[in-house]
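Descriptive structure summary
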Amino acid sequence: LRCRLYSASWPRPHQVTMLTHCSGHSHTAQHFPVPESVLEEAAMQPYVHNCFMNVYEGRHIHQFCIFFKRHLHLRTNMLLSTGGRKFRGDAVV
């Protein structure tokens, strides 16, 4: 699964490949993303949050799933911080 990673370790976003988990062995089995395969600091913050975002572009609706980690002791992510608000952690879209 190709996605865009906004990491606190990098000065710009990168395209990465996220692993998936298969629910069975048949050809109709579902695949689920494993965001832990690309997000850092698993020991500091083991929990991964997710949300969905809809982007409306004319008649088209694009839906994105966003996975992220936030914790007071994670590094400040300059890519996701604005003004006086700091985002501490990583996000993947």
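For the structure, check the block above.
One structure accompanies this document, and this report is about it. Keep in mind the model is a prediction, meaning the values are calculated, not measured.

Comments concerning a nonpolar patch on the surface
There is a patch of nonpolar side chains on the surface, built from M53, V55, F64 and V93 and spanning about 290 Å² of accessible area. Following the sequence through the fold, V93 ends up in the segment after β7 (91-92).

Digging into the sheet that holds β7
In a beta sheet, neighbouring strands pair by backbone hydrogen bonds and run either parallel or antiparallel. One open sheet accounts for five strands, arranged β2-β1-β7-β6-β5; its pairing is antiparallel. In this open sheet, the two strands that pair with only one neighbour each are β2 (14-17) and β5 (49-57). As paired elements, strand β6 (residues 60-68) and β7 share two bridges and run antiparallel to each other. Bridge pairing in β7 places F67 opposite V92.

Focus: the pattern of salt bridges
Applying the stated rule across the entire model yields two salt bridges. A salt bridge links R75 to E40, with the nearest nitrogen and oxygen atoms 3.1 Å apart. With a gap of 35 residues between them, R75 in the loop between β6 and β7 and E40 in the loop between β4 (31-33) and β5 connect regions that are remote in the sequence. We classify R75 as partly exposed; its relative accessible area is 43%.

Notes on the side chain of S7
Its location among the elements puts S7 in the loop between β1 (2-6) and β2. Residue S7 is classed as buried on the basis of its relative accessible area of 1%. In terms of polar contacts, S7 uses its side chain to reach the backbone amide nitrogen of S9, at 3.0 Å. In this view, S7 contacts E40, N77, L79 and D90; residues no more than four positions away in its chain are not counted.

Focus: the nonpolar core
Formed by C3, L5, V16, M18, V38, L39, F67 and V92, the largest nonpolar core amounts to eight residues. Those residues in contact with V92 that lie beyond four places of it in its chain are C3, R4, L5, M18, V38, L39, C65, I66 and F67.

Observations concerning the state of the cysteines
This model, assessed by the stated rule, comprises zero disulfides. For C51, which is in no disulfide, the shortest distance to another cysteine sulfur is to C65 and amounts to 7.3 Å. The class of C51 is partly exposed, set by a relative accessible area of 32%.

Cut-off values and rules
Residues numbered from 1 in each chain as written. Predicted model: local features only at pLDDT ≥ 70, side-chain atom pairs only at ≥ 80, totals over all residues. Heavy atoms only, no water. Patch = residues over 30% accessible without salt bridge, like charges linked within 9 Å, V, L, I, M, F, W, Y side chains within 5 Å. Areas by Shrake-Rupley, 256 points an atom, 1.4 Å probe, with all protein chains shown as cover. Salt bridge = Lys/Arg side-chain N within 4 Å of Asp/Glu carboxyl O. Helix = DSSP H or I, 4+ residues; strand = E, 2+ residues; numbered from the N terminus. Pairing = 2+ DSSP bridges. Buried < 20%, exposed > 50% of the residue type's maximum accessible area, 1.4 Å probe, protein only. Polar contact = N/O pair within 3.5 Å; in protein donor to acceptor, adjacent residues only side chain to side chain. Contact = heavy atoms within 4.5 Å. Core = buried A, V, L, I, M, F, W, Y, C linked by side-chain atoms within 4.5 Å. Disulfide = S-S within 2.5 Å.

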